[in-house]
Amino acid sequence: MVGPRRACDHRRMDAVGASRFARRRQGRWLGGVCAGLAAGLGLPALVVRAVFVALTLTSGPGVLLLYAITWALLPPFDPGLQGSGGLSDAVRGAPHVVDALAVLAMVAGGILLLSEVAAWLPRTVLVPGILAAAGAALVWGWGGRASGQDGARPLLVAVGVSLVVVGGVAMLAAVGSVRTLGRSAAGAAVLVAGVALMLGPWLLRLGRDLTAERRQRIRSQERAEVAAHLHDGVLQTLALIQKRAADDREVRSLARRQERELRSWLYGPDVTAGTAGAPGPDEPATVAGLLRRELDDVEDRYGIRLDSVLVGDAPLDDPARALVAAGREAAQNAARHAGVEAVDVYLEVEPERISLFVRDRGRGFDPAAVPSDRRGVADSICARVLRHGGAAHVRSAPGEGAEVELSVPRTAS
Amino acid sequence: MNERVFVVDDHALVRSGVRTELAGRVQIVGEAGDVDAAAAAIPATDPDVVLVDVHLPGGGGAEVIRRVLAERPSTRFLALSVSDAPEDVIAVIRAGARGYLTKTVSGAELAEAIERVAAGDAVFSPRLAGFVLDAFGTTVSVPSDPELDQLTVREREVLRLIARGYAYKEVARQLSLSVKTVETHVSSVLRKLQLSSRHELTRWATERRIV
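## A word on the overall build of chain A
Working step 1: Across its full length, chain A carries 14 helices and five strands.
Working step 2: Contacts in chain A between residues far apart in sequence, at least 24 positions, make up 66% of those at least 6 positions apart.

## Brief notes about the nonpolar core
Working step 1: Counting residues in hydrophobic clusters, the biggest one holds 103 residues, and the most contacted among them are B:Leu78 and B:Val92.
Working step 2: In terms of residue count, the dominant contributor to this core is helix α13 (residues 318-338) of chain A (ten residues).
Working step 3: Setting aside residues up to four positions removed in sequence, B:Val92 forms contacts with B:Val54, B:Gly61, B:Ala62, B:Ile65, B:Ala79, B:Ala97 and B:Tyr100.
Working step 4: Within the second largest apolar cluster, 16 residues are counted, among which are A:Ala35, A:Leu64, A:Ala68 and A:Ala137.

## Digging into the confidence of the model for chain A
Residues and elements named next belong to chain A.
Working step 1: Here chain A averages 73 in pLDDT, and 66% of its residues register 70 or above.
Working step 2: With pLDDT under 50 throughout, residues 1-19 is counted as low confidence; its partners more than four residues away or in other chains account for 34 contacts.
Working step 3: Across residues 144-149, where pLDDT falls below 50, the model places ten contacts with residues more than four positions away in sequence or in other chains.

## Quick look at the sheet that holds strand β5 (residues 99-102) of chain B
Residues and elements named next belong to chain B.
Working step 1: An order of β2-β1-β3-β4-β5-β6 is seen for the six strands of this open sheet, with the pairing classed as parallel. On the outer flanks of this sheet lie β2 (27-32) and β6 (123-124), each paired with one strand and no other.
Working step 2: As paired strands, strand β4 (residues 76-81) and β5 are joined by three bridges and run parallel to one another. Paired with Ser81 across the strands is Thr102, a residue of β5.

## Things to note about unusual backbone geometry
Residue and element names in this part refer to chain B.
Working step 1: Unlike most non-glycine residues, Asp46 shows phi in positive territory, near 55°.
Working step 2: Position of Asp46 among the secondary structure elements: in the loop between α2 (35-45) and β3 (49-52).
Working step 3: Positive phi outside glycine occurs at Ser176, with the angle close to 55°.
Working step 4: Mapped onto the elements, Ser176 comes out in the loop between α9 (168-175) and α10 (179-195).
Working step 5: Classification of Ser176 by C-beta neighbours within 10 Å gives exposed; the count is 7.

## Looking at the sheet that holds strand β5 (residues 402-409) of chain A
All names here are of chain A.
Working step 1: Ordered in space as β1-β2-β3-β5-β4, the five strands form an open sheet in which the pairing is mixed. Edge strands, defined here as strands with exactly one partner in the open sheet, are β1 (305-311) and β4 (391-396). Going across the sheet, the axis of each strand differs from the next one's by a mean of 10°, ignoring polarity.
Working step 2: Of the pairings in the sheet, the one linking strand β3 (residues 353-360) to β5 comprises eight bridges and is antiparallel in character. For Phe357, the partnering residue across the bridge sits in β5 and is Glu405.
Working step 3: The strands touched by α13 are β1, β2 (342-349), β3 and β5; relative to β5, the strand with the most contacts, the crossing angle is about 175°.

## Brief notes about the environment of A:Val404
Working step 1: Relative to the helices and strands, A:Val404 is located in strand β5.
Working step 2: In this structure A:Val404 touches A:Ala330, A:Val358, A:Ile381 and A:Val394, once residues within four positions along its chain are discounted.

## What to know about α2(B)
Residue and element names in this part refer to chain B.
Working step 1: The complete set of buried residues in α2 reads Val35, Ala38, Ala39 and Ile42. Projection of α2 onto a plane perpendicular to its axis shows the buried side chains occupying an angular sector of 95°, all on one side. Of the exposed residues in α2, the ones pointing more than 90 degrees away from its buried face are Ala40 and Ala44.
Working step 2: Residues of α2 that are buried sit in contact with β1 (4-8), β2, β3 and α3 (61-71).

## Here's the deal with the interface of chain B and chain A
Working step 1: Taken together, the contacts link 13 residues of chain B with 14 residues of chain A.
Working step 2: At five residues, helix α6 (residues 126-135) of chain B tops the list of elements feeding residues into the side of chain B that touches chain A.
Working step 3: Considered class by class, the residues forming the side of chain B that touches chain A number five nonpolar, four polar and four charged.

## A closer look at the packing of α2(B) against α3(B)
Residues and elements named next belong to chain B.
Working step 1: Two elements in contact, α2 and α3, have axes whose closest approach is 9 Å; the angle formed by their N-to-C orientations is 30°. Between α2 and α3, the interaxial angle falls into the category roughly parallel. Handedness of the crossing formed by α2 with α3: right-handed. Within the contact between the two elements, α2 uses Val35, Ala38, Ala39, Ile42 and Pro43 and α3 uses Glu63, Val64, Arg67, Val68 and Glu71.

## Quick look at helix α4 (residues 86-95) of chain B
Working step 1: Counting buried positions along α4(B) gives eight out of ten residues, so the element sits mostly inside the fold.
Working step 2: Every buried residue of α4(B) is listed here: B:Pro86, B:Asp88, B:Val89, B:Ile90, B:Ala91, B:Val92, B:Ile93 and B:Ala95.

## A look at the packing of helix α8 (residues 153-163) of chain B against α9(B)
Residues and elements named next belong to chain B.
Working step 1: At a minimum axis distance of 10 Å, the contact between α8 and α9 shows a crossing angle of 130°. Classified by the angle between their axes, α8 and α9 sit oblique to one another. As for the relative orientation of α8 and α9, their crossing is right-handed in sense. Where α8 abuts α9, its residues Glu157, Val158, Leu161 and Ile162 lie against Val171, Gln174 and Leu175.
Working step 2: Its residues assigned to classes, the contact of α8 with α9 shows five nonpolar, one polar and one charged.

## Section: the pairing of β3(B)
All names here are of chain B.
Working step 1: The two faces of β3 match: Val49 and Leu51 on one face and Val50 and Val52 on the other face are all buried.
Working step 2: Pairing of β3 with β4 involves four bridges; the strand directions are parallel. What sits directly across from Leu51, in β4, is Leu78.
Working step 3: With α3 bridging β3 and its parallel neighbour β4, the resulting β-α-β unit is right-handed.

## With respect to the environment of B:Ala39
Residues and elements named next belong to chain B.
Working step 1: In this fold, Ala39 is placed in helix α2.
Working step 2: The exposure class of Ala39 is buried, given the 21 C-beta atoms found within 10 Å.
Working step 3: Taking the C-alpha atoms as reference points, Ala39 and Arg66, separated by 27 residues in sequence, lie 9.3 Å from one another.
Working step 4: What Ala39 contacts, discounting residues up to four positions off in sequence, is Val64, Arg67 and Val68.

Cut-offs and rules
- Residues numbered from 1 in each chain as written.
- Chains lettered and ligands numbered in written order.
- Predicted model: local features only at pLDDT ≥ 70, side-chain atom pairs only at ≥ 80, totals over all residues.
- Helix = DSSP H or I, 4+ residues; strand = E, 2+ residues; numbered from the N terminus.
- Contact = placed C-beta atoms within 7 Å.
- Core = buried A, V, L, I, M, F, W, Y, C linked by C-beta atoms within 7 Å.
- Buried ≥ 20, exposed ≤ 12 C-beta atoms within 10 Å, placed from the backbone.
- pLDDT = per-residue confidence, 0-100.
- Pairing = 2+ DSSP bridges.
- Axes fitted to C-alpha atoms, helices over the stretch in contact; angles between N-to-C directions.
- Arc of directions from axis to C-beta.
- Nonpolar A, V, L, I, M, F, W, Y, C, P; charged D, E, K, R; others polar.
- Parallel < 35°, antiparallel > 145°, perpendicular 65-115°, else oblique.
- Left-handed = near helix turned anticlockwise from the far one by under 90°.
- Right-handed = clockwise from strand over helix to strand, strands pointing away.

What follows is the structure, given as C-alpha cells:
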C-alpha cells in the first residue's frame, strides 16, 4: 500500500475527512441513496427502500424531492477511501452523467407533481421556491466538502448560489414589493456584517487551527508510511546481509535488489512497493516499464548490475515486445559469459524507431567462430527483432567485450 | 598531477570512503558536512575541485555551488550523488557543476573525472548523458535561441555513445575523433545545459517529478 510519495496532496485530505454516509455505486437501484443510507445506519437496504416507497405512496411526491436532496447531500462512496487513503482515479474521473440525469428527472417529476397537488400555491411562489431549494442543495452537497470533482466544484457552487439568490428574490418579489424588500435587506445586511465582525476573527482562527491540525495529521501519516517501508525493506535486507555475509554474490544481489526497490519507491514512477521486487502478473504498459522489469529480473537471477539509461518511452506493441525480449536475452548472455560485474543497457525511443544497446566490457568472443549449434544469439536475439522488420548487430572481439545493437521500427500510434 | 580536492557530503561514512578510495591519487584538503560549513571552508582551503553531494542540510549542493562561485568563481565542482532524480541532477549542473557521477563509480574513474574537471572539462556519466538527450530530445519546438537550445548532430552522437557506456577514449575511436575533440563537444553540451533558456528543460524536470 503506497500513498502519494512525497508531497501530500489533497487526495489525502479527502481520506481524513471521509464521512460515514455516502452514496453507493455498487448494488444501487437509482442514485444509490437508499443503499448508502442503509450502509451508514447498518440496516438492510431493502428496509430503507421499503420506507421510501411507502412514504412516497402515502405522503405523495414530496418524498421524491427529499430523495433528490439527499442525493445531492451525500458524497459519492468510494471503497478506496477505506483502505488506501486515496480516491481511485477510475471513480474520480467517471462522469456523473447517470446521476445527474437521475436527479434531474426526480426534480422535474417533483415539480410537476407538487404543482398538481399544491394547486392552491401560486406558481410565482412555488417555482422560485423549488429553484432556491435546489440551489441550496447544490451548495450544501458540493461546496462544503473536500471530495468530489475539483474542477466542477466552483461551478456547481456558483450555480447553486445564483439559484438561491434568483429564486429567493423572485419569491419575495411575488409576495411583497421589491422596495420594502430593499429596505429590509439593508437592515439584514447591517446585522450580518455586525455578526461577521464579531465572529470573524474567531472563525478565521478556528479554520486555521483545523488546517494546521489536518496538515500535522497527514505529515505523521506520511512519516509512519516511510518508517514502515524502511522497516519492511531496508532493515530486513540488512539483517539478511549480516546473516549471509560469507556469500559474496548473494550479498551483492540482496543489496542491489534493495537499492532498486528503494529507488523506485523514492524517485520512480508510482509502482506499488509490494510488487516491486517480484514481477507482477500484469504487464507494464510501456517499453521502458517492461524493459525495467525484465532487467530487474535478470539482475536478481544472475547477481549482476545492469546500468540502464532509458531515454523516452512508448506504448507497447509487438515489435517493442520483441525488442525487449531480445534485449533481455542479450543481457542474460552478458551475465553468463562475459565474466563482468556490470553491463550497460541503453534504450532510446525516437519518433520512427526504438533502439536498444547492451554492452559489456567482458572477455568477448569472435562472432564468426560461434558454433552453429549454439543458436542462442542467432535465434533468440537477432531473429526476434528481424521478424518485426528490425535490425540486429553483434560486435565483439576476444578480450574487447561485446555490444549487441537492436532496433525496431515504430508502428504508427 | 596531484589535485587539491575538497569533499562535501553530509554522511561521514561517505566522506571517509571517498578519502580511502582517492588516497594516493589526489590530495584531500578538507571536508564539510553541510552548506554553511562548506561555503565557509572552501575558499579558505583553495581546492582545485570540490566533490559535492546533491542533498545536503541547509540548501543542497546547488546552494553550495552558488555561494562559493559568487565568492571564488574559479572553483570547479563535480557532483557526486546517489540520487537518480533528474531534477536533482539538472539543478546542480545548472548551478555550475562541471559534471555528475553516481556514488557507485570506482576510485580510478573518480580520480580520472577529478583530473578532467580540474583541467576545465566536463564529466558526463551515462545517466547524465541520457538525461540531456531526453531533455533536449524529441520534442519538436521552435527554439528561442538555436545556438543554445539545440544539440548539434555530432554532440548528439557523442552523448548517445556515452549513454551506451562508452568512455571518452572509446567514443573518440568510434567516431574517428581525437579525445580532445570529444571533450570539446561534451563541454559545449554542458554550456548549453547551463545557459539554455529552453523552457522544455525546466518543464521536463518538473514533469518527471509527477510522472
